[in-house]
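Observations on chain architecture
Listed below, chain by chain, are the residues.
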Amino acid sequence: MSGEVIIRPTTVEDLPAIAALRLAEYPYLVRSVEAYRRNLATVPARARKRDLVAVADGAVVGRVTAELDIFTAEPGAAAVDLLVRPDHRGQGVGTALFGEAELHLGEIGARRVRAWVPGEPALLDWARRFDFEPSRPVSYSVADPKVLPPMPDLPPGVTLRSAAEIGPEAMYELDRVTVTDEPGDIAIEMVPYDEWLTLDWDDPDRQHELSVLAVVDGKPVAHTNVQADLSTGRSWSGGTGVLREYRGRGLAKLVKSESLRRVAAAGITAAYTANDEQNTPMLAVNNWLGYRVTATQWSCMRTL
């Protein structure tokens, strides 16, 4: 690695460059500069997060974060996220950043570490060099929200409401119950309500008017959450869930259809989402809505 590269803690001033790098490399990972700023200031202390950048000639050329996973009850579950500008790969920047992250993970008692790695053979091979094994793929897809199939009929007794209308308490409870059904290498468990308010509900990218719930007899039973970076015309749909006793009624298709129409009305031109490839019911919904795969990432696991 060139001696001109400096590794130091991430500052607020670095965030526009990080956001631009992330947008250039992974446009399907939607986050605005404002959301980066809030996240840097509000990460719970119990995550024990370390956030570093690599700087060359005054420019950010890489970033790494390492932290405990607070969205699970699994002891020692942790995550590392590494990004290096393409023109600085192969020069030791990533190795140096990961070395710092690895030391931190050992210090905070990490046992099983997950890294999300793009499905490029060279990047997966690089991850294997550091004892990360690809476990399961996740597909990232994009849809044009202005080009949608006809809106499904509203079933009797079902009404649609925005998250803004429903409010945070009901939204949290529905999210808390349905999130545990998401497939993955680490079992998800919702954080406490106060943390969720800070990390999720109050996120500046969270679009409460565009997030839609299905309500039956006054009870929210299905939802889809939307985040958006309006400055780049991109949205992210995540956390779509239906209570188990209400599945098989087309409610996921209904809330996502309504949400995408609201997304289009807000001026969004690229609507992104992701699916574990074992989640066949949601894949079917997204295919019907016109989502097409644009990238794949792998959940790569390492035991310390």
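Refer to the preceding data block for the structure.
Residues numbered from 1 in each chain as written. Predicted model: local features only at pLDDT ≥ 70, side-chain atom pairs only at ≥ 80, totals over all residues. Heavy atoms only, no water.

This brings us to the packing of aromatic side chains. In this structure the tally under the stated criterion is 10 aromatic pairs. With centroids separated by 5.2 Å and ring planes inclined at 75°, the aromatic side chains of Tyr172 and Tyr193 adopt a geometry described as edge-to-face. Taken together, the residues span a long stretch of sequence, with Tyr172 in helix H6 (residues 168–178) and Tyr193 in helix H7 (residues 193–201) at a distance of 21 residues. We classify Tyr172 as buried; its relative accessible area is 11%. Members of the aromatic cluster, each reached through a chain of ring pairs, are Tyr26, Tyr28, Tyr140 and Trp236. (Phe/Tyr/Trp six-rings, centres within 6.5 Å; stacked < 30°, edge-to-face > 60°. Helix = DSSP H or I, 4+ residues; strand = E, 2+ residues; numbered from the N terminus. Buried < 20%, exposed > 50% of the residue type's maximum accessible area, 1.4 Å probe, protein only.)

In this section: the sheet that holds strand S9 (residues 219–229). The 12 strands lie next to each other as S1-S2-S3-S4-S5-S12-S6-S11-S10-S9-S8-S7, forming an open sheet whose pairing is mixed. The open sheet is flanked by strand S1 (5–9) and strand S7 (158–162), the only strands paired with a single partner. For this sheet the average axis-to-axis angle between neighbouring strands, irrespective of direction, equals 25°. Along the sheet, helix H8 (residues 251–265) contacts S7, strand S8 (212–216), S9, strand S10 (234–242) and strand S11 (270–276); its crossing angle with S9, the most-contacted strand, is approximately 35°. (Pairing = 2+ DSSP bridges. Axes fitted to C-alpha atoms, helices over the stretch in contact; angles between N-to-C directions. Contact = heavy atoms within 4.5 Å.)

This brings us to the nonpolar core. Most often, soluble globular proteins keep nonpolar side chains buried together rather than apart. Core analysis: the biggest nonpolar cluster contains 33 residues, and Trp196, Ala214, Val221, Tyr246 and Leu251 have the highest contact counts within it. Counting only elements with at least two residues in this core, the list comes to S7, H6, H7, S8, S9, H8 and helix H9 (280–289). Considering each element in turn, this core owes the most residues, five residues, to H8. Leave out the neighbours within four places in its chain, and Trp196 touches Pro168, Met171, Tyr172, Asp175, Met190, Val191 and Trp201. Grouped together as the second largest cluster of nonpolar side chains are 26 residues, Val64, Ala78, Ile108 and Phe132 included. (Core = buried A, V, L, I, M, F, W, Y, C linked by side-chain atoms within 4.5 Å.)

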